[in-house]
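Remarks on the overall topology
If you want the building blocks of each chain, they are given just below.
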Amino acid sequence: MKKKTIMRSFSLLQEAIVPYIPTLIGQLTHKLLLVSKNPSKPHFNHYLFESLCLSVRITCKANPTTVGSFEEALFPVFTEILQNDVQEFLPYVFQVMSLLLEIHSNSIPNAYMALFPHLLQPVLWERSGNIPPLVRLLQAYMEKGGTTIATTAADKIPGLLGVFQKLIASKANDHQGFYLLNSIIEHMPTEALIQYRKQIFILLFQRLQSSKTTKFIKSFLVFVNLYGVKYGAIALQEIFDSIQPKMFGMVLEKIVIPEVQKVSGPVEKKICAVGITKVLTECPAMMDTDYTKLWTPLLQALIGLFELPEDDSIPDDEHFIDIEDTPGYQTAFSQLAFAGKKEHDPIGDAVCNPKIHLAQSLHKLSTACPGRVPSMISTSLNAEALQYLQGYLQAATVQLV
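Just so you know, these numbers come straight off a predicted model, no measurement behind them.

Examining the overall build of the protein
- Of the regular secondary structure elements, the protein holds 20 helices and 0 strands.
- Referenced to the eigenvectors of the C-alpha coordinate spread, the extents of the protein come out at roughly 75 × 45 × 45 Å.
- Expressed as a percentage of the 401 residues in the protein, the buried residues total 51%.
- Of the roughly 18,600 Å² of accessible surface on the protein, a fraction of 55% belongs to carbon and sulfur atoms.
- The positive charge centre, built from 34 side chains, and the negative charge centre, built from 36, are 4 Å apart in the protein.

Printed below as a string of structure tokens:
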């Protein structure tokens, strides 16, 4: 029977095959071990891994604790594939491992921690087909074990940031570098990153100066605002200005205000909206320094993010296929359909409606400095944006004082 037929049978039968999964997994892992010696049939191999993923999904949906049984069956085979450097199978192995690790509750088993240093080896990151699944796997490590890594593998944090540095230096893979960085910022303890934060921003600015692309700008905006959400608007302003005086204002004026309209994706837009709201309402420097002149333009840009169509324009000189990092033959990355990952919202229910959140935050700011917020808005905000803002205030049942 072809593996594609097996996969379809699994998909149709779903929970009905749960009692037979242990037997099926034994046969599938045996077959996997055999074909790993000579992976000459790419379609067969793909559906073999799809069948494994579907088995995991079906069984663990019914009983998440069974994930340990899958790991017990699969890890010896995966270890052999990794040790023998079976290049065709590595992207698949990383995807299945991500799926397994993501099923765990907020902990990371010892077997994964033992493997963690090996995932940072530069040779793995030289192959373009490994990059998307490896980034996802490291994101799973951050989500499930950020604190564990910070306490028991702190010496590996420089290697983790080295991966980020390599990825953001590439036009082809910089977005993957930001995926990894965002997970590090979100899930690792604050104190574990203090000594590295400034260098992270310096690396990003070096890339901005050497090769600023639309894709990089969009990812940079999401990261900057996620940083503000995680650590606060004051910390964001201070880290920019510690690199160079008045740099925070330059970033707002030259990047955030003119470019935020290009951010795409509901989660990405939400992160930017909440981050900008924090800068507007929780950063004293925006009210009492040279940065005050940027307050209303930043509010105008945020309302534009809410209400105007996305700016999907790309400069003419960016219409190219980038192959800078992939000379010669490279194993392609093939996404496993049944290893798919749900989109993650790092803000979650803390902010359900960013427009209401903006209105509530502006109301709180206005009570702290009566008269100033309505004055800045009435003198500088354009009429259309003002109308939208009044709608947010009404929906939130608050007013500015």
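Past the structure itself, the notes keep going.
Some points on the packing of aromatic side chains
- By the definition in use, this model includes 18 aromatic pairs.
- Ring centres 6.4 Å apart and planes at 45° place the aromatic pair Phe178 and Phe223 in the tilted group. With a gap of 45 residues between them, Phe178 in helix H10 (residues 174-187) and Phe223 in helix H12 (residues 214-231) connect regions that are remote in the sequence.
- In this structure an aromatic cluster arises from ring pairing among Phe178, Phe201, Phe205, Phe216, Phe220, Phe223, Tyr227, Tyr231, Phe240, Phe248 and Tyr291.
- Cation over ring: Arg197 sits above Tyr231, and NZ or CZ is 4.0 Å from the ring centre.
- Cation over ring: Lys246 sits above Tyr291, and NZ or CZ is 5.8 Å from the ring centre.

Topic: H10
- Here H10 is 14 residues long and its end C-alpha atoms lie 20 Å apart, about the 20 Å a rise of 1.5 Å per residue gives.
- By the criterion of burial, H10 is predominantly enclosed, with 11 of the 14 residues buried.
- Of all the residues in H10, the buried ones are Asp174, Gln176, Gly177, Phe178, Leu180, Leu181, Asn182, Ser183, Ile184, Ile185 and Glu186.
- Here the buried face of H10 lies against helix H8 (131-152), helix H9 (157-168), helix H11 (190-210) and H12.

As for the pattern of salt bridges
- This structure, assessed with the given rule, holds 14 salt bridges.
- Asp85 is the partner of Arg127 in a salt bridge, and the nearest nitrogen-oxygen pair spans 2.7 Å. Of the two residues, Arg127 is situated in the loop between helix H7 (122-125) and H8 and Asp85 in the loop between helix H4 (67-83) and helix H5 (90-103); the sequence distance between them amounts to 42 residues.
- You can call Arg127 buried: its relative accessible area is 14%.
- Salt-bridge contacts for Lys156 lead to Asp155; the nearest nitrogen and oxygen are separated by 2.8 Å.

Quick look at empty space enclosed by the protein
- Under the counting rule described, the total for this entry stands at 1 cavity of 30 Å³ or more.
- Of the volumes computed, that of the largest cavity is approximately 80 Å³.
- Lining the largest cavity are Val224, Asn225, Leu236, Phe240, Phe248, Val251, Leu252, Val256, Ile276, Val279 and Leu298.
- At the level of elements, H12, helix H13 (233-243), helix H14 (247-259) and helix H15 (266-282) are the ones that each hand at least two residues to the lining of the largest cavity.
- Considering each element in turn, the lining of the largest cavity owes the most residues, 4 residues, to H14.
- The residue makeup of the lining of the largest cavity, split by class, is 10 nonpolar, 1 polar and no charged.

A word on the layout of surface pockets
- If you add up the space inside the largest pocket, you get close to 910 Å³.
- As for the largest pocket, its lining consists of 33 residues, of which Gln139, Tyr179, Asn182, Glu268 and Glu343 are closest to the centre.
- Among the elements that make up the lining of the largest pocket, the one with the highest residue count is H10 (8 residues).
- The class makeup of the residues in the lining of the largest pocket is 12 nonpolar, 12 polar and 9 charged.
- For the second largest pocket, the calculated volume is near 530 Å³.
- What lines the second largest pocket is a set of 16 residues, and nearest its centre among them are Arg57, Leu99, Glu102, Gly340 and Lys342.
- Among the elements of the structure, helix H3 (42-62), H5 and H8 are those that each provide at least two residues to the lining of the second largest pocket.
- Element by element, the count of residues in the lining of the second largest pocket is highest for H3, at 6 residues.

Quick notes on the rules
- Residues numbered from 1 in each chain as written.
- Predicted model: local features only at pLDDT ≥ 70, side-chain atom pairs only at ≥ 80, totals over all residues.
- Heavy atoms only, no water.
- Helix = DSSP H or I, 4+ residues; strand = E, 2+ residues; numbered from the N terminus.
- Buried < 20%, exposed > 50% of the residue type's maximum accessible area, 1.4 Å probe, protein only.
- Areas by Shrake-Rupley, 256 points an atom, 1.4 Å probe, with all protein chains shown as cover.
- Lys, Arg positive; Asp, Glu negative; His and termini not counted.
- Charge placed at Lys NZ, Arg CZ, Asp CG, Glu CD.
- Phe/Tyr/Trp six-rings, centres within 6.5 Å; stacked < 30°, edge-to-face > 60°.
- Lys NZ or Arg CZ within 6 Å of the ring centre and 35° of its normal.
- Expected span 1.5 Å × (residues − 1).
- Contact = heavy atoms within 4.5 Å.
- Salt bridge = Lys/Arg side-chain N within 4 Å of Asp/Glu carboxyl O.
- 1 Å grid on protein atoms, 1.4 Å probe; cavity = no way out; pocket = protein on both sides within 12 Å on 5 of 7 lines; lining within 4 Å.
- Points joined across faces, edges and corners; volume = space filled by probe spheres on them.
- Nonpolar A, V, L, I, M, F, W, Y, C, P; charged D, E, K, R; others polar.

On their own, these measurements won't tell you what the molecule is for.
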